[in-house]
Structure formats: structure tokens, C-alpha cells
Amino acid sequence: MKFGKTIYLDYNSTTPVDPQVIEAMTPYFYEHPGNAASKGHVMGWFAEDAVENTRKIVAKTLHAEPAEIIFTSGATESINLALKGVADRYKVKGKHLITVKTEHSAVLDTCTYLAKIGYEVTFLPVNHLGQIDLEELRNAIREDTILVSVMFANNETGHIHPIAEIGKICHDCNVLFFCDATQAVGKVEIDVHEMGVHLLAFSSHKIYGSKGVGVLYRRQTAPSIQLTPLFHGGGHEWDLRSGTLNVPGIVGLGTAITIANQRMKQEEERLGQLRDYLERNLIDQIEGVEINGDVQKRLSHVSNLRFLHIDGEALMTKMGPSIALSSGSACTSASAAPSHVLLAMGLTDREAKSSIRFSLGRFVEKEEIEEVISKVTSAVQSLRSISPVWDMYKAGMLP
Ligand SMILES: *Cc1c(COP(=O)(O)O)cnc(C)c1O
């Protein structure tokens, strides 16, 4: 499905809101405007019921309890609440946290902030496939370690970490485990108990819900996790997240998750086939294309490809507005720095900048993938035809 003239292949950045989700949300803007915290009248109760309904749906999806679900404004806020909340609340036990170099900036920058205010953070390295070494994780855990933060699936490469094994290590070592599951919820099965996580975050706008709604799962039994809140005010969400709830957005999240659960298996398969078709064709038709990351443990809708001696930004400029993709240098807002994820995997600056992320989703059709294959192929050929670097490479003067 085209959005204007553009083929959208950037679903890991955000997704369009599913029309069914919009339909579910719409009445909550005008017909049912109640504040879920207004306990004195029917309009408040109506909004509260709607919020609690989504809370149940989210809880069931994660195999959690409704009282373990906190609504926030998005994954970034959930991540901040989890990391800063634990850091403050458990500082008597210790001030050491462990995370991974390939985490999303919402985790990395929060950890860097904590390091600045007196915490100590270990940033674990990854290998060339983006995998962490579990022995290295175990060895990094110390007496004063309070929390380990590892994402479920990487937003740039789609690499899926062995979450249950990490959870087991955390359990053995008696440290808390937080998982940024923003790219995984709604795409693959999530069971917080099997994963052994104490805290888990995700965002509605990555699963065809609206922007501005997120979730933090916080375990309430064996053990019950305590957090220091970021916001103070009306005491919403068990005093952990004050502020009027985004009722339409939360209603939309309920619908978005319901649809995602219904279609999960078939979508995973359909997108996997499209992704493999895209990859196979680009690799066959273009010289010097490599897949970045672990092809065995990967989300089925993500492909991160490296085009030898091609600048990713130049490639996207060449293709113009016809395809929306993410380059290996554009993942963190406006910065043109090479992707920290690809650098952590051992790619050079040039290799990272010659990489492009294709992330597929619900509204992508086969014909669009055909068009993308042909557009990318001709753009690469055209750039190489005028590239002195490519000429030197072909003449054997460059690796
Ligand atoms: C998108 C994303 C976030 C941030 O989500 P927001 O909704 O923008 O706050 C965090 N982590 C991962 C892995 C993401 O993909």
C-alpha cells in the first residue's frame, strides 16, 4: 500500500495506525471524553472501563497480571521509568547496572545519564553478528549490580537475544532484568515468566497503534519490583506515573494488540517470505551486498544490508521520495554519525554508512517489494557507474 507516492519500508521506526484502531479510538475523542481518574460520574467510569479493558488485554498478551501494567507516553518514558526508577529505589543494594552497546538510545542515553550522576554502567560488547557472550554477562555481574538491561530484538538488525537464558542468569545472580521489547511485542510471543523479566517496555506506535502511548510491565510477585516515579502529581498508575491517561490512545492500543495477536503467525510468515525474496534478489542482482547481523535469530520482517562502496545516504537520495527506508547513519534523529549498532558489531565507519535497513510491515505488498528491488538495483548501478572508488575497486586497487 502506497502512502502518497512513497513505498513505506520503515516500519521499525513507526507504523501507520491500522484503520480498525482509528475506528476504535475515534469515539473517545468526543463522544466519550471522560477522564479515567474522574471517579464521581459515569463519563469517568466509562473511560476507566476502557482503560482497564486494554490493561487486561496487554496483561494477557504478556502473561502478566493487569496490576503489573503501567501506561506511559511511550517506550522511551517506560525505559526511563524502569532504569531510573530501579536505580534510585535499589541504590542501597548497589549502584552498578549492565547493558549492551547495541541497545536503543533510549536505554544507552539513560544509562549514560545514570553514570554521570554516580552510578556505574557496564556496556557489554557484541560479536560481528550482534550477539552477546552469556559468560561475559555472567562475569560482569557483581555484588553491587542491581539491574541488567537487554533488548528483546534489535531495532536495526532484528537480532533476537536469548532472553530466557539471560533471565536465568539474572535469577541465579539475584539481579533485576529489564527488557526493552519495543520491537518484539505484537510480532512474536511474549511470556514474561518464561523470559524471567522483572520489567519490560514497549510502545503502541510500533504495532499499528497511535504515537504517545507506551507500557511498562512491572512484576508484582516473587519478587515485587519497586520503582521511584519520574512524575509527581495526581497519583495515577499506582503513584508510579502521575498524569491524565491518554484514553483514546490506550483504547487504540487494546485494539492494536488484539489484531497483532490474531495475525501474528501468518504475518510473521508472510513478511518473512517477502523479506527473504527482497534479500535474495538484491544479493543476486547487485555485486557486493552483505547481510548485517545474525540471519538465524532475527525478526522476520527486518533486513539490514550493506552495499559495497555505496554511501547509504547517497543511495536514498538517488531513489528520492519513492521509498522510505532507514540508512545506517540515520537511526538517531538528525545525526549523520554511523550507526552505533553496526559499529559495535565491528563494522568500519564506511561499512556502517553503506548499510540500509529495510523493515517491512502489515501494509507491504509483493508488487512493492518488486519495485523496491528494481529501484535499489538501478540506483546502486547508477551510483557505481560514476564512482571513482568503484572503478578502483574493480581495478583491484581497493578491497
Ligand atoms: C522505537 C523504539 C524505542 C523508543 O520508542 P518511543 O515510542 O519512540 O519512545 C525504544 N526502543 C526500541 C527498541 C525501539 O525500537
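Residues numbered from 1 in each chain as written. Predicted model: local features only at pLDDT ≥ 70, side-chain atom pairs only at ≥ 80, totals over all residues. Heavy atoms only, no water.

**Q** Whenever I open this one, the layout of surface pockets confuses me. Can you help?
**A** Remark: the empty space left among the atoms is shown by a probe the size of a water molecule rolled over them. Estimated volume of the largest pocket: approximately 370 Å³. Residue lining of the largest pocket: 19 residues in total, with F307, L308, H309, I310 and R350 positioned closest to the centre. Per-element tally for the lining of the largest pocket: the top contributor is helix α11 (residues 349–353), with three residues. Across the lining of the largest pocket, the residue classes break down as seven nonpolar, five polar and seven charged. (1 Å grid on protein atoms, 1.4 Å probe; cavity = no way out; pocket = protein on both sides within 12 Å on 5 of 7 lines; lining within 4 Å. Points joined across faces, edges and corners; volume = space filled by probe spheres on them. Helix = DSSP H or I, 4+ residues; strand = E, 2+ residues; numbered from the N terminus. Nonpolar A, V, L, I, M, F, W, Y, C, P; charged D, E, K, R; others polar.)

**Q** Could you clarify how one ought to interpret the packing of helix α3 (residues 75–89) against helix α4 (residues 105–116) in this entry?
**A** The description of two helices packed together rests on the angle between their axes and the distance between the axes. Between α3 and α4, the least distance of the axes is 9 Å, while the angle of their chain directions is 30°. Compared by their axis directions, α3 and α4 come out roughly parallel. Pair α3 / α4 crosses with right-handed handedness. Note on element contacts: α4 touches α3 through A106, V107, T110, C111, Y113 and L114, opposite T76, I79, N80, L83, K84 and A87. Its residues assigned to classes, the contact of α3 with α4 shows eight nonpolar, three polar and one charged. (Axes fitted to C-alpha atoms, helices over the stretch in contact; angles between N-to-C directions. Parallel < 35°, antiparallel > 145°, perpendicular 65-115°, else oblique. Left-handed = near helix turned anticlockwise from the far one by under 90°. Contact = heavy atoms within 4.5 Å.)

**Q** Explanation requested: the pairing of strand β7 (residues 176–180) in the structure shown.
**A** Each regular strand shows side chains that alternate between the opposite faces of the sheet. Burial runs high along β7: five of the five residues are buried. As defined by bridge partners, strand β6 (residues 145–149) adjoins β7 across three bridges and the pair is classed as parallel. For S149, the partnering residue across the bridge sits in β7 and is F178. Each parallel crossover has a hand, and the one from β6 via helix α6 (residues 163–173) to β7 is right-handed. In the sheet, β7 pairs with strand β8 (residues 199–203) via three bridges, with the strands oriented parallel. Opposite D180, over in β8, you have A201 as the bridge partner. (Buried < 20%, exposed > 50% of the residue type's maximum accessible area, 1.4 Å probe, protein only. Pairing = 2+ DSSP bridges. Right-handed = clockwise from strand over helix to strand, strands pointing away.)

**Q** Help me understand the packing of aromatic side chains in this model?
**A** For any pair of aromatic rings, geometry is given as the distance between the ring centres together with the angle between the planes. Across all of its chains, the model carries five aromatic pairs by this definition. On the basis of an interplanar angle of 65° and a centroid distance of 5.1 Å, the ring pair of Y8 and Y11 is categorised as edge-to-face. Plain terms: the ring middles of Y28 and F46 are 6.1 Å apart, the flat faces sit at 20° to each other, and that makes the pair stacked. Taken as a pair, Y28 in the loop between α1 (19–25) and α2 (42–62) and F46 in helix α2 lie far apart in primary sequence, 18 residues in all. Relative accessible area serves as the criterion here: at 16%, Y28 is assigned to the buried category. Residue classification places F46 among the partly exposed positions, given a relative accessible area of 37%. (Phe/Tyr/Trp six-rings, centres within 6.5 Å; stacked < 30°, edge-to-face > 60°.)

The analysis is restricted to geometry; functional conclusions fall outside its scope.
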